[in-house]
Amino acid sequence: AVIDASGTWRTPNPLGAGGIAAEGEAEFADRIAYGIPDILGRDRALYGGRATLVAGSGHSAANALLDLARVADDEPGTTFIWTTRGTDLVRIYGGGDLDALPARGELGSDVRDLAESGRVQLVTGFATTAIREEDGRLIVEGDTADGLRRIGPIDRIVAATGQRPDLSLTRELRLDLDPWLEGVRALGPLIDPNEHSCGDVPPHGHRELSHPEPGVYTVGIKSYGRAPTFLLLTGYEQVRSVAAALAGDVASADAVQLVLPETGVCTVPGGVTVTGKTFAGCCGGPAPEAADGCCVADAEAKAAGRGGCGCGVAA
Ligand SMILES: Cc1cc2nc3c(=O)[nH]c(=O)nc-3n(C[C@H](O)[C@H](O)[C@H](O)COP(=O)(O)OP(=O)(O)OC[C@H]3O[C@@H](n4cnc5c(N)ncnc54)[C@H](O)[C@@H]3O)c2cc1C
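Note that this is a predicted model, so its numbers are computed, not measured.

Some points on a nonpolar patch on the surface
Reasoning step 1: On the surface, a nonpolar cluster with roughly 340 Å² of combined accessible area is contributed by Leu232, Leu233 and Tyr236.
Reasoning step 2: The residue tyrosine 236 is located in helix 7 (residues 232-246) in this model.
Reasoning step 3: Residue classification places tyrosine 236 among the exposed residues on the basis of a relative accessible area of 52%.

Some points on the sheet that holds strand 4 (residues 79-83)
Reasoning step 1: Pairing is parallel in the open sheet, where five strands are placed in the order 2-9-3-4-5. Of all strands in the sheet, those with a lone pairing partner are strand 2 (32-34) and strand 5 (121-123), marking the two edges. Adjacent strand axes in the sheet meet at a mean angle of 20 degrees, parallel and antiparallel pairs treated alike.
Reasoning step 2: Where helix 2 (residues 59-74) meets the sheet, it contacts strand 3 (51-55), strand 4 and strand 9 (156-159), and its direction lies at approximately 165 degrees from that of strand 4.

Some points on the pairing of strand 8 (residues 147-154)
Reasoning step 1: In this structure, strand 7 (residues 137-144) lies alongside strand 8, joined through six bridges in antiparallel fashion. Opposite glycine 142, over in strand 8, you have arginine 149 as the bridge partner.
Reasoning step 2: From the end of strand 7 to the start of strand 8, which pair antiparallel, there are two residues.

Notes on the pattern of salt bridges
Reasoning step 1: Summed over the entire model, instances satisfying the criterion amount to 17 salt bridges.
Reasoning step 2: Glutamate 75 is paired through a salt bridge with arginine 44; the nearest N and O atoms lie 3.3 Å apart. Placement of glutamate 75 in the loop between helix 2 and strand 4 and of arginine 44 in helix 1 (residues 44-47) is noted, with a sequence separation of 31 residues between them.
Reasoning step 3: By relative accessible area, which is 23% here, arginine 44 ends up partly exposed.
Reasoning step 4: Three or more residues joined by partner-sharing salt bridges are found here, namely Glu23, Arg132, Glu134, Glu141 and Arg150.

Observations regarding the pairing of strand 9
Reasoning step 1: In strand 9, alternate side chains face the same way, and those of Arg156 and Val158 on one face and Ile157 and Ala159 on the other are all buried.
Reasoning step 2: As defined by bridge partners, strand 2 adjoins strand 9 across three bridges and the pair is classed as parallel. By the bridge assignment for strand 9, tyrosine 34 is matched with alanine 159.
Reasoning step 3: In terms of strand pairing, strand 3 meets strand 9 through four bridges, oriented parallel. Bridge assignment links alanine 55 to a residue of strand 9, and that residue is alanine 159.

Focus: the packing of aromatic side chains
Reasoning step 1: On inspection of all chains with the given rule, the structure shows one aromatic pair.
Reasoning step 2: Look at tyrosine 224 and phenylalanine 230: their rings are 5.0 Å apart centre to centre, the planes differ by 85 degrees, and that puts the pair in the edge-to-face class. Both residues of the pair, tyrosine 224 and phenylalanine 230, count as buried.

Quick look at the nonpolar core
Reasoning step 1: Leu65, Phe80 and Trp82 are the most contacted members of the largest nonpolar core, which totals 25 residues.
Reasoning step 2: Going through the elements one at a time, helix 2, strand 4, helix 3 (90-93) and helix 4 (102-117) are the ones with two or more residues in this core.
Reasoning step 3: When residues of this core are assigned to their parent elements, the largest contribution, nine residues, is made by helix 2.
Reasoning step 4: Not counting residues within four places of it along the chain, the set of residues in contact with leucine 65 comprises Val54, Phe80, Trp82, Val111, Leu114 and Val120.
Reasoning step 5: In terms of nonpolar packing, the next biggest core, distinct from the first, is built from 16 residues, Ile32, Val123, Ile151 and Ile157 among them.

Overview of the environment of valine 184
Reasoning step 1: By the element assignment, valine 184 lies in the loop between strand 9 and helix 5 (188-191).
Reasoning step 2: Each C-alpha atom, one on valine 184 and one on glutamate 208, is 7.3 Å from the other, the two residues being 24 residues apart in sequence.
Reasoning step 3: For valine 184, the residues in contact, after removing those within four places along its chain, are Asp176, Leu177, Asp178, Glu208, Leu209, His211, Thr218 and Ser223.

Quick look at the site of the ligand
Reasoning step 1: Close to the ligand lie 13 residues, the nearest being Ser6, Arg10, Ile221, Phe230 and Leu232.
Reasoning step 2: One of the backbone N or O atoms of isoleucine 221 is found 2.8 Å from an oxygen atom in the ligand.
Reasoning step 3: Leucine 232 is positioned such that a nitrogen or oxygen atom in its backbone is 2.7 Å from an oxygen atom of the ligand.
Reasoning step 4: Coverage of the ligand by the protein amounts to 48% of the 970 Å² it exposes when considered alone.
Reasoning step 5: Its residues assigned to classes, the shell around the ligand shows eight nonpolar, four polar and one charged.

Quick look at the sheet that holds strand 6 (residues 127-134)
Reasoning step 1: Pairing within the open sheet is antiparallel, and its three strands lie in the order 6-7-8. Each end of this open sheet is capped by a strand with a single partner; those strands are strand 6 and strand 8. Each neighbouring strand pair of the sheet contributes to a mean axis angle of 25 degrees, computed without reference to strand direction.

Describing unusual backbone geometry
Reasoning step 1: Omega for the bond connecting glycine 152 with proline 153 falls within 30 degrees of zero, at 5 degrees, which places this linkage in the cis form.
Reasoning step 2: Mapped onto the fold, proline 153 is located in strand 8.
Reasoning step 3: In the Ramachandran plot, aspartate 135 falls in the positive-phi region, its phi being about 55 degrees despite a non-glycine side chain.
Reasoning step 4: On the secondary structure map, aspartate 135 appears in the loop between strand 6 and strand 7.
Reasoning step 5: With phi around 65 degrees, glutamate 182 is a residue other than glycine that occupies positive phi space.
Reasoning step 6: Among the structural elements, glutamate 182 can be located in the loop between strand 9 and helix 5.
Reasoning step 7: Glutamate 182 gets classed as partly exposed once you look at its relative accessible area, which sits at 23%.

Definitions and limits used
- Residues numbered from 1 in each chain as written.
- Predicted model: local features only at pLDDT ≥ 70, side-chain atom pairs only at ≥ 80, totals over all residues.
- Heavy atoms only, no water.
- Patch = residues over 30% accessible without salt bridge, like charges linked within 9 Å, V, L, I, M, F, W, Y side chains within 5 Å.
- Areas by Shrake-Rupley, 256 points an atom, 1.4 Å probe, with all protein chains shown as cover.
- Salt bridge = Lys/Arg side-chain N within 4 Å of Asp/Glu carboxyl O.
- Helix = DSSP H or I, 4+ residues; strand = E, 2+ residues; numbered from the N terminus.
- Buried < 20%, exposed > 50% of the residue type's maximum accessible area, 1.4 Å probe, protein only.
- Pairing = 2+ DSSP bridges.
- Axes fitted to C-alpha atoms, helices over the stretch in contact; angles between N-to-C directions.
- Contact = heavy atoms within 4.5 Å.
- Phe/Tyr/Trp six-rings, centres within 6.5 Å; stacked < 30°, edge-to-face > 60°.
- Core = buried A, V, L, I, M, F, W, Y, C linked by side-chain atoms within 4.5 Å.
- Near = heavy atom within 4 Å.
- Polar contact = N/O pair within 3.5 Å; in protein donor to acceptor, adjacent residues only side chain to side chain.
- Nonpolar A, V, L, I, M, F, W, Y, C, P; charged D, E, K, R; others polar.

This is the structure:
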């Protein structure tokens, strides 16, 4: 058997909003950091006293912005601008106290406070197209609803625009992948970030993680493809199931147990049907009405004895 657990960390998405490198992105690569640079540690000298643009609307961008704010507290002249391709920041601001992972909720609340404090210039609906140099500093160009906009001058860019799987390793194998997310097909409809924000996913194991190519499995964050919501807890149960299947213990491999901490942000009403099974979808609206913090749809499922609070409730 082959278990592909090679992650997505080495293949960050480009800054270019269309999914290919922006004009100038390769030329000025020495001034761009992908993911979360070590702003408070070894990279501090690169950011202190300088102007940085942070692109992205996920937790990586939030971490980078909060780190830059701390540097700015100590080093005058440290400024930062935040650009997001989308205009709705409800997911990054998160569920606050409703988030079952307190630190994740706090991260969202902190970055919202930062944005609302005015310390960071927030530009939403900005689709980066080009990076240019003027007088030794950088200008970032992007499309907006009002046409071309130029931001700068700045000194550095943090591209917190997510990761994608590197599929070259398995290119000669018959893999069954979700056409949008490039993760395993069975999980795609359940984790598509365009549809889901609640952070939960139904229990899944060796069957969902296998492919037409016999003996091949994709596990870990790579199984989610481009979706950014993977948690280690999911991976532990994935590999337990796959290992049990390879050891011939089908009963154990099929007995997948997974309850994930929800984000407290649910944006999609209704259910999702995957491989013949329907799962209650994330509930409608950011403000759950059930007293215990469960989404309404899930509370109904719970009352009917079909499970607890979350999207992963078989309807
Ligand atoms: C910034 C960030 C923060 C996160 N924080 C959390 C968190 O707090 N809690 C949580 O539960 N989850 C978190 N996650 C999500 C997820 O749990 C982690 O990304 C986790 O590390 C994924 O584990 P993995 O084993 O699938 O991939 P990885 O940890 O990326 O491991 C993949 C490994 O495969 C190796 N590799 C790659 N290609 C090859 C190859 N061709 N041959 C051999 N080896 C190869 C890599 O070098 C790497 O060591 C976070 C993710 C990110 C990006």
